[in-house]
Amino acid sequence: MKLKALNGFKDILPGEVELWQGVETMARQIFTRFGFSEIRMPILEKTELFARSIGEATDIVEKEMYTFSDKQITMRPEATASLLRAYLEHGLHVQKPVQRLFTIGPMFRHERPQKGRLRQFHQMDAEVLGAESPLVDVELMSMGSMFLDQLGLSVTLELNSLGCPACRPAFREKLLAFIDARHEALCDDCQRRSATNPLRVLDCKNRNCRHQVEEAPSIQEHLCQECADHFQAVQQGLQQLNVDYSLNKFMVRGLDYYTRTTFEFITSDLGAQAAVGAGGRYDGLIERLGGPAIPGIGFALGLERLILLLQQKNETTLTSHCDLFIAGLGQAASSLAFSLVHTLRRNHLHVLMDLEDRGLKNQMKQANRAGAGHVLIIGEEELEKGQAILRNMVSQEQQMITLPGQIQDRQTTIDALLTIING
Ligand code: ATP
Ligand code: MG
């Protein structure tokens, strides 16, 4: 029997993992700059948590969750519910009126695996709890945009408002009347959904359904005054910060808890898996989970899709390449190289050497494979003259470096190498 990973589950190997590390590092840096703190939650939660937050009539809860039915526990399909559970359980809302939290980790959904769609996938999730100001929405979306921009990805931000319990019911009725008139023309899913959750018909991927709802009423024109003002202020804020966005009246999101602002980061480079990330406001959710009436907003970015986009741009790493490869030839040179490598690593350089006494040609190959910026060649002849050759692998320029005659002279050589390599 050949042992293989489960369908929809994937190993992340060296060669790819460097990209993941780079993306995660950048997220941590940028999110921290915006005042976010990291939180890590368990992967298993009570099933009820997801049923109550995400909503019973959603694809996720209806058919995508990995649930141990005998134990009433579920592997988290998304992060917001778990994060809010932890937030309430530990009284984080009492400690600070506004909490900015982020988390990075695996999520599980039983979906049909395809490019950019897995059963174990990874999200970076950022949430702001306790703030109602539209400027918070603006800040959160601008943080997502800044992050994607710094990764070098061009992604569009689509924006909608889903209103609130005061204005959505009237819109729902109006939409229902519109949909009922076209009931026969809709796909089976939409016919079923129109009774429980008619808004979902608006974002059906079926081409015919899309065509049917083209002229559907827009929720943006049915917001109550408070929601309309909020939506207006969000757009003004985005304009103030020069964050590009476009309005999309069809976006409703697949989770029940959203209110007011909803948004998606969309790419045209991944076929059907167009959403790189998505989020929105959920002002009633914390109450629904048994907490006080605290507003919240958040988004999640899918790491697999970010990695695919970076790979399509031929990015292989976002972290630093190897700074220096030291090629020592012969035993004395290798021994000197061995201590230099150690000291340079202590000085924060990414340094490699060969420990198997291989020839120069082979060592240069290793240096190239590691993407070394410089190679220091210590040959037997050079060693006798107390010198080594430092080659810049990009410009191919070479210069001589004086080697330490005595152990106590080593610092001079180290300093010279650090100065050149750190530029
Ligand atoms: P989609 O419309 O692609 O199914 P979604 O609306 O279900 O996405 P969310 O629940 O909002 O997605 O999750 C946020 C992000 O997580 C998505 O934009 C996507 O990048 C990523 N994501 C969601 N499901 C998967 C999956 N099965 N495999 C890989 N990434 C996923
Ligand atoms: Mg989905």
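Residues numbered from 1 in each chain as written. Chains lettered and ligands numbered in written order. Predicted model: local features only at pLDDT ≥ 70, side-chain atom pairs only at ≥ 80, totals over all residues. Heavy atoms only, no water.

Peer 1: Quick question: what am I supposed to make of the site of ligand 1 here?
Peer 2: Taken together, 15 residues lie around ligand 1, and Arg-109, Glu-111, Arg-117, Leu-118 and Arg-253 are the ones closest in. The contact in question runs from an oxygen atom of ligand 1 to an N or O atom on the backbone of Ala-275, over 3.0 Å. In this structure, Arg-305 approaches ligand 1 through a side-chain N or O atom, which is 2.9 Å from an oxygen atom. Within the complex, the protein chains bury 89% of what would otherwise be the 590 Å² of accessible surface of ligand 1. (Near = heavy atom within 4 Å. Polar contact = N/O pair within 3.5 Å; in protein donor to acceptor, adjacent residues only side chain to side chain. Areas by Shrake-Rupley, 256 points an atom, 1.4 Å probe, with all protein chains shown as cover.)

Peer 1: I'm lost on the sheet that holds strand S6 (residues 120-129) in this one. Help?
Peer 2: The strand order S1-S5-S6-S11-S10-S9-S7-S8 describes an open sheet built from eight strands, whose pairing is mixed. Because the sheet does not close on itself, it has two edges, and the strands there are strand S1 (37-38) and strand S8 (246-247). Taken together, the five bridges between strand S10 (residues 275-281) and strand S11 (residues 296-302) define a ladder with antiparallel strand orientation. What sits directly across from Ala-278, in S11, is Ala-300. Most of the contacts of helix H10 (residues 225-240) go to strand S7 (residues 156-161), to which it runs at about 165°, and overall it touches S7, S8, strand S9 (259-266) and S10. (Pairing = 2+ DSSP bridges. Helix = DSSP H or I, 4+ residues; strand = E, 2+ residues; numbered from the N terminus. Contact = heavy atoms within 4.5 Å. Axes fitted to C-alpha atoms, helices over the stretch in contact; angles between N-to-C directions.)

Peer 1: What should I look at first to understand the pattern of salt bridges in this one?
Peer 2: For side chains of opposite charge, pairing can occur when their charged atoms come near one another. Under the criterion given, the structure shown has 17 salt bridges. As a salt-bridge pair, Glu-48 and Arg-52 come within 2.8 Å of each other at their nearest N and O atoms. Of this pair, Glu-48 and Arg-52 are both found in helix H2 (residues 47-54), four residues apart, which corresponds to roughly one turn of the helix. A residue is classified by how much of its surface remains accessible, and Glu-48, at 46% relative accessible area, is partly exposed. (Salt bridge = Lys/Arg side-chain N within 4 Å of Asp/Glu carboxyl O. Buried < 20%, exposed > 50% of the residue type's maximum accessible area, 1.4 Å probe, protein only.)

Peer 1: Quick question: what am I supposed to make of the packing of H2 against helix H4 (residues 80-89) here?
Peer 2: Two quantities define a packed helix pair, namely the angle between the helix axes and the distance between the axes. Between H2 and H4, whose axes approach to 9 Å, the crossing angle comes to 110°. When the axes of H2 and H4 are compared, the pair comes out roughly perpendicular. Each of Leu-49, Phe-50 and Ser-53 in H2 lies in contact with H4, whose residues at this interface are Ala-81, Ser-82 and Arg-85. Among the residues making up the contact of H2 with H4, the classes are represented as three nonpolar, two polar and one charged. (Parallel < 35°, antiparallel > 145°, perpendicular 65-115°, else oblique. Nonpolar A, V, L, I, M, F, W, Y, C, P; charged D, E, K, R; others polar.)

Peer 1: Which parts of the structure should I look at to understand a nonpolar patch on the surface?
Peer 2: Judged by side-chain polarity, Ile-43, Leu-44 and Phe-68 come together as a nonpolar surface patch covering roughly 240 Å² of accessible area. Along the chain, the position of Ile-43 falls in the loop between S1 and strand S2 (44-46). You can call Ile-43 partly exposed: its relative accessible area is 31%. (Patch = residues over 30% accessible without salt bridge, like charges linked within 9 Å, V, L, I, M, F, W, Y side chains within 5 Å.)

Peer 1: Whenever I open this one, the state of the cysteines confuses me. Can you help?
Peer 2: Cysteine pairs can be linked by a disulfide, which is a covalent bond between their two sulfur atoms. The tally for this structure, following the rule as stated, stands at zero disulfides. Cysteine Cys-164 shares no disulfide, and the gap to the nearest cysteine sulfur, in Cys-227, comes to 3.5 Å. Looking at Cys-164, the relative accessible area reads 13%, which means it is buried. (Disulfide = S-S within 2.5 Å.)

Peer 1: Whenever I open this one, helix H1 (residues 17-33) confuses me. Can you help?
Peer 2: Because each turn of an α-helix spans 3.6 residues, side chains separated by three or four positions in sequence point in the same direction. Helix length check: H1 (17 residues) gives 24 Å between terminal C-alpha atoms against 24 Å at 1.5 Å per residue, within 8%. Listed as buried for H1 are Leu-19, Trp-20, Gly-22, Val-23, Met-26, Ala-27, Ile-30 and Phe-31. The buried residues of H1 occupy one face: seen down the axis, they fall within an arc of 160°. Tucked inside the fold, the buried residues of H1 contact strand S5 (99-108), S6, helix H6 (134-150), S11 and helix H12 (303-312). (Expected span 1.5 Å × (residues − 1). Arc of directions from axis to C-beta.)

Peer 1: Sorry, what's going on with the pairing of S6 here?
Peer 2: For S6, a buried count of nine out of ten residues is recorded, marking the element as mostly surrounded by other parts of the structure. The sheet contact formed by S5 and S6 spans ten bridges and is antiparallel. Across the sheet, residue Gln-99 finds its bridge partner in S6, namely Leu-129. Both S6 and S11 contribute to a ladder of seven bridges, which runs antiparallel. Among the inter-strand pairings, Met-124 is bridged to a residue of S11, identified as Leu-301.

Peer 1: Explain helix H7 (residues 168-180) to me, please; I cannot follow it from the model alone.
Peer 2: With 13 residues, H7 should reach 18 Å at 1.5 Å per residue; the first-to-last C-alpha distance of 18 Å fits that figure. Taken residue by residue, H7 has Arg-168, Phe-171, Leu-175, Leu-176, Phe-178 and Ile-179 as its buried positions. Down the axis of H7, the sector holding all buried residues measures 160°, keeping them to one side. Residues Ala-170 and Ala-177 are exposed on H7 and point more than 90 degrees away from its buried face. Contacts made by the buried residues of H7 are with helix H8 (188-196), helix H9 (207-213) and S9.

Peer 1: Sorry, what's going on with the environment of His-374 here?
Peer 2: Mapping His-374 onto the fold places it in strand S14 (residues 374-378). With 74 residues separating them along the chain, His-374 and Ala-300 place their C-alpha atoms 39 Å apart.

Peer 1: When you look at the packing of H1 against H12 in this model, what are you seeing that I'm missing?
Peer 2: H12 packs onto H1 with a crossing angle of 115° between their chain directions and a minimal axis gap of 10 Å. Taken together, the axis directions place H1 and H12 in an arrangement best described as roughly perpendicular. Here H1 runs over H12; the crossing is right-handed. Contact with H1, carried on its side by Leu-19, Trp-20, Val-23 and Glu-24, involves Leu-303, Glu-304, Leu-306, Ile-307, Leu-310 and Gln-311 of H12 and no other residues of that element. A breakdown of the residues in the contact of H1 with H12 according to their chemical character gives seven nonpolar, one polar and two charged. (Left-handed = near helix turned anticlockwise from the far one by under 90°.)

Peer 1: Can you walk me through the pairing of S10 in this structure?
Peer 2: Remember that side chains alternate between the two faces of the sheet whenever the strand is regular. Of all seven residues that make up S10, six are buried, and the element is covered over most of its length. Here six bridges tie S9 to S10, and the two strands are oriented antiparallel to one another. Residue pairing across strands places Glu-264 opposite Ala-278, the latter belonging to S10.

Peer 1: Looking at this model, I keep getting lost on the packing of aromatic side chains. Mind explaining?
Peer 2: As enumerated under the stated definition, the model contains ten aromatic pairs in all. Both rings, one in Phe-31 and one in Phe-299, keep their centres 6.4 Å apart while their planes meet at 85°; by these two values the pair is edge-to-face. Linking Phe-31 in helix H1 with Phe-299 in strand S11, this pair joins segments that are 268 residues apart in sequence. Take Phe-31: its relative accessible area is 0%, and that puts it in the buried class. Among the residues examined, Phe-299 registers a relative accessible area of 1% and is labelled buried. Each ring, one from Phe-263 and one from Phe-265, has its centre 5.9 Å from the other, and the planes form 80°; the classification is edge-to-face. Taken individually, Phe-263 and Phe-265 each receive the classification buried, so the pair is uniform in this respect. Within the aromatic cluster, the residues linked to one another by ring pairs are Phe-31, Phe-36, Phe-102, Phe-147, Phe-263, Phe-265 and Phe-299. Positioned above the aromatic ring of Phe-178, the side-chain terminus of Arg-182 is 3.6 Å from the ring centre. (Phe/Tyr/Trp six-rings, centres within 6.5 Å; stacked < 30°, edge-to-face > 60°. Lys NZ or Arg CZ within 6 Å of the ring centre and 35° of its normal.)

Purely geometric stuff here, so don't read any function into it on its own.
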